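Here's the letter readout for the chains.
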Amino acid sequence: MADQTHVLFVEDDDVIREATQLALERDGFAVTAMPDGLSGLEAFRANRPDIALLDVMVPGLDGVSLCRRIRDESTVPVIMLSARADSIDVVLGLEAGADDYVTKPFDGAVLVARIRAVLRRFGHAGGGDRTETVEDTVTGGVLTFGDLEIDTEGMEVRRAGQPVALTPTEMRLLLEFSSAPGTVLSRDKLLERVWDYGWGGDTRVVDVHVQRLRQKIGQDRIETVRGFGYKLKA
């Protein structure tokens, strides 16, 4: 398991859990599959997986609550699984700290592609692939925007001299904004650059992450340009 990417998969449907586990293992992942949120939390703490794949509707401790518990302890990437694309659970999961979501029923190849896309952002291998880290994609230096300081070498952010804890996805999003301050970046462009989507994606992923980033670096630091996207105030 040490040489494989370790996936924690929490799903209460036996058929989906077993079939998905087999599909992921065929693609080279090591999988720990659990039927409920409480056992999933125990498995997370015991195994410290490379990525967590959480169904929203699981018994004991629902997927959104489990995501919050994981995010309190770790920045490990989290993908939520939701049965409905328009469900409020999707937004709740993203607000809880999830990095992405996949709608059920899903195609196995699409799920693997989304997992690998998230892992690339976090610098993990996807089923044995060696990929770049966040540090490989930026130029070293300290960028300053008002009371906000971004150390692109140390991957650290400070606001008014105090450290700001960001997840890797939030850090990549901030780096995209800071690389072109004052330039409007569309949601589609951010999906492509930050989430590594080579296909159309749900822009709610961008909106929720921008909202979370604003809460940490200042509500007025990132401006919404209605009908176009977002920009970092220079």
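Presented here is an overview of the structure given in this document. (Residues numbered from 1 in each chain as written. Predicted model: local features only at pLDDT ≥ 70, side-chain atom pairs only at ≥ 80, totals over all residues. Heavy atoms only, no water.)

1. Comments concerning the overall build of the chain
For the chain, the helix and strand inventory stands at eight helices and eleven strands. Looking at the 234 residues of the chain, the share that counts as buried comes to 47%. Here the contacts in the chain between residues at least 6 apart in sequence split such that 58% fall between residues at least 24 apart. With the model as given, the accessible surface of the chain reaches about 10700 Å², and the carbon-plus-sulfur share is 47%. (Helix = DSSP H or I, 4+ residues; strand = E, 2+ residues; numbered from the N terminus. Buried < 20%, exposed > 50% of the residue type's maximum accessible area, 1.4 Å probe, protein only. Contact = heavy atoms within 4.5 Å. Areas by Shrake-Rupley, 256 points an atom, 1.4 Å probe, with all protein chains shown as cover.)

2. Concerning the pattern of salt bridges
Tallied over the entire structure, the rule returns 15 salt bridges. In this structure, Arg114 engages Asp100 in a salt bridge whose closest nitrogen and oxygen atoms are separated by 3.3 Å. Of this pair, Arg114 sits in helix α5 (residues 108-122) while Asp100 sits in strand β5 (residues 100-103), and the two are 14 residues apart along the sequence. When sorted by exposure, Arg114 lands in the same class as Asp100, which is buried. Between Asp147 and Arg221 there is a salt bridge whose closest N-O contact spans 3.8 Å. Of this pair, Asp147 sits in the loop between β6 (142-145) and β7 (148-151) while Arg221 sits in the loop between α8 (204-217) and β10 (222-225), and the two are 74 residues apart along the sequence. Asp147 gets classed as partly exposed once you look at its relative accessible area, which sits at 36%. Taking relative accessible area as the criterion, Arg221 reaches 14% and is therefore assigned buried. Where salt bridges share partners, they join Glu11, Asp55 and Lys104 into one cluster. (Salt bridge = Lys/Arg side-chain N within 4 Å of Asp/Glu carboxyl O.)

3. So, the environment of Asp220
Mapping Asp220 onto the fold places it in the loop between α8 and β10. Sequence separation of Asp220 and Lys233 is 13 residues, and the distance between their C-alpha atoms is 8.2 Å.

4. Brief notes about the layout of surface pockets
Volume-wise, the second largest pocket comes out at about 220 Å³. Tallying contributions element by element places α8 first for the lining of the second largest pocket, with four residues. Residue composition of the lining of the second largest pocket, grouped by class: three nonpolar, six polar and seven charged. (1 Å grid on protein atoms, 1.4 Å probe; cavity = no way out; pocket = protein on both sides within 12 Å on 5 of 7 lines; lining within 4 Å. Points joined across faces, edges and corners; volume = space filled by probe spheres on them. Nonpolar A, V, L, I, M, F, W, Y, C, P; charged D, E, K, R; others polar.)

5. Structural notes on the sheet that holds strand β2 (residues 30-34)
Taken together, the five strands give an open sheet; going across it, the order is β2-β1-β3-β4-β5, and neighbouring strands pair in parallel fashion. Looking at strand neighbours, the two that pair on one side only are β2 and β5, the edges of this open sheet. Averaged over neighbouring strand pairs, the angle between their axes works out to 20° when direction is ignored. Judged from the four bridges that link them, strand β3 (residues 51-55) and strand β4 (residues 78-82) form a sheet pairing that is parallel. Within β4, the residue paired with Leu53 across the bridge is Ile79. (Pairing = 2+ DSSP bridges. Axes fitted to C-alpha atoms, helices over the stretch in contact; angles between N-to-C directions.)

6. Points about the side chain of Asp100
Note on Asp100: relative accessible area 1%, which makes it buried. Residues contacting Asp100, with those up to four places away along its chain left out, are Val78, Ile79, Met80, Leu94, Arg114, Val118, Trp195, Tyr197 and Val205.

7. Some words on helix α7 (residues 187-194)
Two residues of an α-helix separated by three or four positions point the same way, owing to the 3.6 residues in each turn. Here α7 has its buried residues at Leu190, Leu191 and Val194. Considered in projection along α7, the buried side chains sweep an arc of 105° and stay on one side of the axis. Residues of α7 that are buried in the fold lie against α5, α6 (168-179), α8 and β11 (229-232). Phi turns positive, to about 60°, at Asp196, one or two residues after α7. (Arc of directions from axis to C-beta.)

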